[in-house]
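Here's the letter readout for the chains.
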Amino acid sequence: MAWLFVAVIVISTVSSDLLQSWEMKRHGEVKDFGAGGIGRLLKLLLTKAPLIGSVVFLAISFYAFLALLAVADLSFAVPATALSLVAETVLARLVLRERVTAARWGGTALVAVGVALLAV
Amino acid sequence: MSINSGHLVWKTRLFAAIVVTTNVVGNFALSWGIKHGAAMDGSAWSFVRVVFDPWVFCGILLLSVWMLSRMALLSWADLSYVIPVTSIGFVLNAAMGAAFLDEKITPMRWAGTLCIVGGTILVGLTAPKSEAT
């Protein structure tokens, strides 16, 4: 059961971040940080389907994490987050066509190992 | 503005700092509120009532800022840059736990912290925005 929750967490976290990144790149660089600009960001969050989907996946990930904590130790649950770090970098390369340099791969791997060690 | 100009690099670092800070402090405020006063008994009313606890309310406000600042950051920076760089939040969460919740930091956790800091610096030194391939 625990691994099922881990899978739900990883898939929903990755989906949420991919959707958010994809839609915001499509929108273009945000340059206005005044009240009007923040209002436009909020409107975007409430009207754009990929961003609404991103929030839904974020909520699924959050509740799946709570459910995982009910059946597994925190020391098992936290490394699940590290798994999503690696999956997101792979998918940023494959789906978003980002150029992931050796330094980024190395840094991401170090962060993932670090997150896993924090839970030990 | 040219891709990855000095201005963009500093804007990226500023927004990464806002994303990390609002996430760490927001989560801490939520956690503190739930553990100190904002009791939840599982009833539907308790889920509504908990939102009006000052700490929980403050946490929700900060996490709203986190969401909007992350959206802004992702409008120009790569996902493969943002994810590892903002992972420094794991370290700050552990530090907040040690400072305010009396949690112990074992040698293994120190090793994990060093790995995360090293990984964050390594990715942070790369350009935030890449050309699509």
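Residues numbered from 1 in each chain as written. Chains lettered and ligands numbered in written order. Predicted model: local features only at pLDDT ≥ 70, side-chain atom pairs only at ≥ 80, totals over all residues. Heavy atoms only, no water.

### Structural notes on the interface of chain A and chain B
Turning to step 1, where the next piece is worked out: Contact residues are listed per partner, giving 45 residues for chain A and 42 residues for chain B.
Turning to step 2, where the next piece is worked out: For the pair chain A and chain B, the summed buried surface comes to about 3,600 Å²; carbon and sulfur atoms form 70% of the total.
Turning to step 3, where the next piece is worked out: Ranking the residues of chain A by area buried against chain B places Glu29(A), Arg104(A) and Leu118(A) at the top, with a combined share of 20%.
Turning to step 4, where the next piece is worked out: Here chain A and chain B share three salt bridges between them.
Turning to step 5, where the next piece is worked out: For Asp17(A), the salt bridge identified is with Arg70(B), shortest N-O distance 2.9 Å.
Turning to step 6, where the next piece is worked out: Counting across the chain A and chain B interface gives 13 residue pairs in polar contact (both at pLDDT 80 or more).
Turning to step 7, where the next piece is worked out: Looking at the side of chain A that touches chain B, the elements that each hand over two or more residues are α1 (2–27), α2 (35–47), α3 (49–71), α4 (74–94) and α5 (102–118) of chain A. (Contact = heavy atoms within 4.5 Å. Buried area = accessible area lost by both parts, 1.4 Å probe. Salt bridge = Lys/Arg side-chain N within 4 Å of Asp/Glu carboxyl O. Polar contact = N/O pair within 3.5 Å; in protein donor to acceptor, adjacent residues only side chain to side chain. Helix = DSSP H or I, 4+ residues; strand = E, 2+ residues; numbered from the N terminus.)

### A word on the environment of Lys48(A)
Turning to step 1, where the next piece is worked out: Here Lys48(A) shows up in the loop between α2 and α3.
Turning to step 2, where the next piece is worked out: Along the primary structure Lys48(A) and His27(A) are separated by 21 residues, whereas in three dimensions their C-alpha atoms are 10 Å apart.

### Quick word on the nonpolar core
Turning to step 1, where the next piece is worked out: The biggest cluster of nonpolar side chains holds 49 residues, and the ones touching the most others in it are Met24(A), Leu41(A), Leu68(A), Met71(B) and Leu73(B).
Turning to step 2, where the next piece is worked out: If sequence neighbours within four positions are ignored, Leu41(A) has contacts with Met24(A), Val30(A), Leu68(B), Met71(B) and Ala72(B). (Core = buried A, V, L, I, M, F, W, Y, C linked by side-chain atoms within 4.5 Å. Buried < 20%, exposed > 50% of the residue type's maximum accessible area, 1.4 Å probe, protein only.)

### Thoughts on the packing of aromatic side chains
Turning to step 1, where the next piece is worked out: Under the defined criterion, the tally for this structure stands at three aromatic pairs over all chains.
Turning to step 2, where the next piece is worked out: Between Phe62(A) and Tyr63(A), the aromatic rings sit 5.3 Å apart at their centres with planes inclined by 75 degrees, giving edge-to-face as the arrangement.
Turning to step 3, where the next piece is worked out: By relative accessible area, which is 47% here, Phe62(A) ends up partly exposed.
Turning to step 4, where the next piece is worked out: Under the relative-accessibility criterion, Tyr63(A) is labelled exposed at 53%.
Turning to step 5, where the next piece is worked out: Their ring planes at 85 degrees and their centres at 5.4 Å tell us that Phe15(B) and Trp76(B) sit as a pair that is edge-to-face. Residue Phe15(B) is located in helix α1 (residues 6–35), and its partner Trp76(B) is located in the loop between α3 (54–74) and α4 (79–86); the two are separated by 61 residues in the primary sequence.
Turning to step 6, where the next piece is worked out: For Phe15(B), a relative accessible area of 10% translates into the label buried.
Turning to step 7, where the next piece is worked out: Following the ring pairs from residue to residue traces out a cluster consisting of Phe33(A), Phe15(B) and Trp76(B).
Turning to step 8, where the next piece is worked out: Of note, Lys11(B) hangs over the ring of Trp76(B), and the distance from its end group to the ring centre comes to 4.3 Å.
Turning to step 9, where the next piece is worked out: Positioned above the aromatic ring of Trp10(B) is the side chain of Arg13(B), whose terminal nitrogen or guanidinium carbon lies 5.1 Å from the ring centre. (Phe/Tyr/Trp six-rings, centres within 6.5 Å; stacked < 30°, edge-to-face > 60°. Lys NZ or Arg CZ within 6 Å of the ring centre and 35° of its normal.)

### What to know about the pattern of salt bridges
All names here are of chain A.
Turning to step 1, where the next piece is worked out: By the definition in use, this model includes five salt bridges over all chains.
Turning to step 2, where the next piece is worked out: In this structure, the salt-bridge partner of Arg26 is Glu23, at a minimum N-O distance of 3.1 Å. On the criterion of helical spacing, the pair formed by Arg26 and Glu23 is a turn pair, its members being three residues apart in helix α1.
Turning to step 3, where the next piece is worked out: Classification of Arg26 by relative accessible area gives exposed; the value is 54%.

### Some remarks on a nonpolar patch on the surface
All names here are of chain A.
Turning to step 1, where the next piece is worked out: On the surface, a cluster of nonpolar side chains totalling about 600 Å² of accessible area is made up of Met1, Leu4, Val8, Ile52, Val56, Ile60 and Val71.
Turning to step 2, where the next piece is worked out: Counting only elements with at least two residues in the nonpolar patch, the list comes to α1 and α3.
Turning to step 3, where the next piece is worked out: Relative to the helices and strands, Ile60 is located in helix α3.
Turning to step 4, where the next piece is worked out: Take Ile60: its relative accessible area is 37%, and that puts it in the partly exposed class. (Patch = residues over 30% accessible without salt bridge, like charges linked within 9 Å, V, L, I, M, F, W, Y side chains within 5 Å. Areas by Shrake-Rupley, 256 points an atom, 1.4 Å probe, with all protein chains shown as cover.)

### With respect to the environment of Arg49(B)
Turning to step 1, where the next piece is worked out: Locating Arg49(B) in the fold gives a position in helix α2 (residues 44–49).
Turning to step 2, where the next piece is worked out: Measuring from C-alpha to C-alpha, the distance between Arg49(B) and Asp102(B) comes to 28 Å, with 53 residues separating the pair along the chain.

### Things to note about the side chain of Ser12(A)
Residues and elements named next belong to chain A.
Turning to step 1, where the next piece is worked out: Relative to the elements of secondary structure, Ser12 occurs in helix α1.
Turning to step 2, where the next piece is worked out: For Ser12, a relative accessible area of 2% translates into the label buried.
Turning to step 3, where the next piece is worked out: At 3.5 Å, the side chain of Ser12 and the backbone nitrogen of Ser61 are in polar contact.
Turning to step 4, where the next piece is worked out: Beyond its immediate chain neighbours, meaning those up to four positions away, Ser12 contacts Phe57, Ile60 and Ser61.

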